[in-house]
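Here's the letter readout for the chains.
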Amino acid sequence: MGFEQFGIVSFTSTTKTEKFVDFLKEGKVCGTICKSCGAKFFPPRGDCNFCLSEEMEWFGITGAGELITYTQAMYAPAGFEKDVPYTLGVARFEDGAKVFGRLDKSIPDENIRPGMKVRLKVIDLDDDRLSYVLTQA
Amino acid sequence: MPKVGIIAVGQSAFVRSYPGSIRELAFEAFRDALKGLPIRAQQIDASVVCSAPEYDKQRTPAGLIAEYLGLNPQPTFYVESVCSSSSSGLRTAYALIASGLHDVVMVLGFQKMSEISSAESQERMGRGADIQWEAPFGTMMPAYYAMHARGHFEKYGTTEEDLGLIRLKSSTYGVINEKAVFRKSLTLDKIMEPKYIATPLKMMDCCANADGSSCVLLASEQKAKELCEKPVWVRGLGMATAPINMAGRDTFSGLKCAQLAARRAYDMAGLGPKDIDVAEVHDCSTEAEMMAYEDLGFAEPGKGKDLIRNKETYREGRIPVNVDGGLLSKGHPIGATGGSQIRTIALQLRGEAGPMQVPNAKVGLVHNIGGVGIYGNVSIFSVD
Ligand SMILES: [Zn+2]
């Protein structure tokens, strides 16, 4: 299995950024940096739109981020029905990377608000799949 | 730039489930546009057909629809930018005419959302976002607008009730629009019932699926004057795009693509927000209309809530917005939506909007967004 291991339902099996999944297995959430011009990308990209290079190296998103916005979804598309309600959000990390994802189910509802400190955590899902969540820092 | 005019507009009734095929649905708008006019298919030099393909069973619908409307052997092709497809169609038709390539071009938007089962629809819904990096979390359109609502509340102190007031306005006009799918009168209590889709957006903050079609016929200045007593001129066309991925967004309190599209449209028209007499904005959710107030410059950033609290976007207000009920009441048949908005503005500027008429409307604006701020189209029209 390759990239299709990422997420609850996958729609993408092949990508130049397949190593994202290998890093998840090591507990790391990573983006890419262009070796030629230094541009930083999250989500990771295999091609640099600034200098056209496809030489990338990986960097881990570490430290604390800040939740920018969120929503608690009460309905879900096909394949996600059993998960509702779940909370989706966007956080900005110390190095400037913004990350979209779900919030950890263990965070009490009353703690969830823009400005909440978060960090990234890799989680195992059913059927040998894996993903990451934003959890309270 | 050569002048391009709208010479005819039409739309089908928007309904939950159209009892016919897509070619017949397309014909409804075509007939409505040409009814009573001396224009027939053989005078149409080319057509642009617009829909969101994920709802179509028919592959390459442009050819099928051109045949059924009697448009062969003239050119036809398909243009797509999801919910703003037919505004992108307008942009394409304008270019075809302004370039001198064609004199009369039709934009036909349609969507039969009931063409696929609700299970299929549920599956499609999850793929409206970045399928590699976002869809694996379980995303859908209302959740994205909900994150923008939360961003707007946080930054400006907007409330759920402010959004409720937008839906209340919509229902006021949905009741009097015979082409709308949702024609029930609503109370604020009903709107505020805590039936959440994606917090803070509730059931009544979100528009419904619908089947429908729209038709806009455009012509060069000379042809427009020959074929139409009161052409509506295209004055400004602005389009802009923004990252599909939420990680690529700087703010969640407005849509960058709409702000830039508006600036481009105003610049091309040589007009500003204060010159607009009536507007149709893309209210697929109440929050989308709230952001449109500010993105279009009808209110300063953060002051959109004051517009609706003071009823300034009602028919009698300073800047009437969606006085045909908008997408919230009309329904949102994706590919047909932009054309329906353009139709409303053309009728307003010709003084033919019936009970929805804004007195002395001379300049009108259409704001039509594809995806949650991926594609922004803003178009400005006038009768002079
Ligand atoms: Zn580079």
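This text follows the structure it describes.
Let us look at the structure shown here. Positions within a chain are numbered from 1, following the residues in the order the chain's sequence is written. Ligands are numbered from 1 and chains lettered from A, in the order in which they are written. In view of the model being predicted, local features appear only for residues whose pLDDT reaches at least 70, and side-chain atom pairs are presented and counted only at 80 or more, with totals across whole chains, interfaces and linings using the full set of residues. Only hydrogens and water are set aside; all other atoms, that is, all heavy atoms of the structure, feed into the side-chain values.

**Focus: the overall build of chain B**
Counting from the N terminus, the helices are the DSSP runs of H or I reaching at least four residues and the strands are the DSSP runs of E reaching at least two. Tallying secondary structure elements over chain B gives 13 helices and eleven strands in all. The principal-axis extent of the C-alpha atoms belonging to chain B is close to 55 × 45 × 40 Å. Buried means the residue's accessible area, taken with a 1.4 Å probe over protein chains only, is under 20% of the maximum for its type, while exposed means over 50%, and partly exposed covers the values in between. When burial is assessed residue by residue, chain B has 64% of its 384 residues classed as buried. Counting every atom, chain B has about 13,500 Å² of accessible surface; 51% of that belongs to carbon and sulfur. Only four residue types enter the charge count, namely Lys and Arg as positive and Asp and Glu as negative; His and the chain termini do not. Think of each charge as sitting on NZ of Lys, CZ of Arg, CG of Asp or CD of Glu. Counting 41 positive and 43 negative side-chain charges, chain B places the centres of these two groups 2 Å from one another. Here, Shrake-Rupley sampling with a 1.4 Å probe gives the accessible areas, and only protein chains in the shown set may cover a residue.

**A word on the pairing of strand 2 (residues 46-50) of chain B**
Residues and elements named next belong to chain B. Taken across its five residues, strand 2 has five buried, putting it largely inside the fold. Neither face of strand 2 is exposed, since Ala46, Val48 and Cys50 on one face and Ser47 and Val49 on the opposite face are all buried. Any two strands are treated as partners once DSSP identifies two or more bridges connecting them. Sheet topology note: the strand 2/strand 3 (residues 76-79) ladder contains four bridges and is parallel. If you follow Cys50 over to strand 3, its bridge partner there is Val79. Look down the strands so they point away from you; if the path from the first strand over the helix to the second goes clockwise, the crossover is right-handed. Chirality of the crossover, the property in question, places the unit of strand 2, helix 2 (residues 61-68) and strand 3 among those that are right-handed.

**Comments concerning the pairing of strand 5 (residues 86-93) of chain A**
All names here are of chain A. Burial analysis of strand 5 places seven of its eight residues in the buried class, which makes it a mostly covered element. Here strand 4 (residues 65-73) runs beside strand 5; their pairing, made up of eight bridges, is antiparallel. Pairing of Gly65 across the sheet is with Phe93, part of strand 5. As paired strands, strand 5 and strand 6 (residues 98-103) are joined by five bridges and run antiparallel to one another. Within strand 6, the residue paired with Gly89 across the bridge is Gly101. Hairpin connection between strand 5 and strand 6: a loop of four residues separates the two successive antiparallel strands, and Gly96 in this loop has a positive phi of roughly 95°.

**Overview of the packing of aromatic side chains**
For this analysis, a ring pair means two rings from Phe, Tyr or Trp (six-membered ring only for Trp) whose centres lie within 6.5 Å, classed as stacked if their planes differ by under 30 degrees, edge-to-face if by over 60, and tilted for the remaining angles. Throughout the structure, instances matching the rule amount to 18 aromatic pairs over all chains. Residues A:Phe6 and B:Trp133 carry aromatic rings whose centres are separated by 5.9 Å and whose planes lie at 50° to one another, so their mutual orientation is tilted. Placement of the pair is A:Phe6 in the segment before helix 1 (19-25) and B:Trp133 in the loop between helix 4 (118-125) and helix 5 (141-156), with the two residues belonging to separate chains. With respect to burial, A:Phe6 and B:Trp133 carry one shared label: buried. Aromatic pair A:Phe41 and A:Phe50: ring centres 6.2 Å apart, planes at 15°, arrangement stacked. Overall, A:Phe41 belongs to the buried group, its relative accessible area being 8%. The structure contains a cluster of three or more aromatic residues connected by ring pairs, namely A:Phe3, A:Phe6, A:Phe20, A:Phe42, A:Phe100, A:Tyr132, B:Trp133, B:Phe137 and B:Tyr144.

**Focus on the side chain of B:Thr158**
Residue and element names in this part refer to chain B. Structurally, Thr158 is set in the loop between helix 5 and helix 6 (160-174). Of the residues examined, Thr158 reaches a relative accessible area of 4% and is grouped as buried. In terms of polar contacts, Thr158 uses its side chain to reach the side chain of His152, at 2.7 Å. Within 3.5 Å is the distance limit for a polar contact, defined as a pair of N or O atoms, with the added protein rule that one can donate a hydrogen and the other accept it, and that residues adjacent in sequence qualify only through two side-chain atoms.

**Some details on the interface of chain A and chain B**
By a widely used convention, the size of an interface equals the accessible area lost when the partners come together. In this analysis, two residues are considered to be in contact whenever any of their non-hydrogen atoms come within 4.5 Å of each other. Every contact between the two is made by 37 residues of chain A and, on the other side, 33 residues of chain B. Here chain A and chain B share an interface that buries about 2,900 Å² over both sides, 68% of which is from carbon and sulfur atoms. When residues of chain A are sorted by the area they lose upon contact with chain B, A:Phe11, A:Tyr75 and A:Phe100 head the list and together hold 22% of the total. We define a salt bridge as a side-chain nitrogen of Lys or Arg found within 4 Å of a carboxyl oxygen belonging to Asp or Glu. At the surface where chain A touches chain B, the tally comes to one salt bridge. Notably, a salt bridge pairs B:Asp250 with A:Lys98, separated by 3.7 Å at the nearest N-O pair. Counting every contact that joins chain A to chain B gives eleven residue pairs in polar contact (both at pLDDT 80 or more). Among the elements of the structure, strand 4, strand 5, strand 6 and strand 8 (129-136) of chain A are those that each provide at least two residues to the side of chain A that touches chain B. Among the elements that take part in the side of chain A that touches chain B, strand 4 of chain A stands out by supplying six residues, more than any other. Classifying every residue of the side of chain A that touches chain B by side-chain character gives 24 nonpolar, ten polar and three charged. When two parts are brought into contact, each loses some accessible area as probed by a 1.4 Å sphere; the total of that loss over both is the buried area. For this classification, the nonpolar set comprises Ala, Val, Leu, Ile, Met, Phe, Trp, Tyr, Cys and Pro, the charged set comprises Asp, Glu, Lys and Arg, and every other residue, Gly included, is treated as polar.

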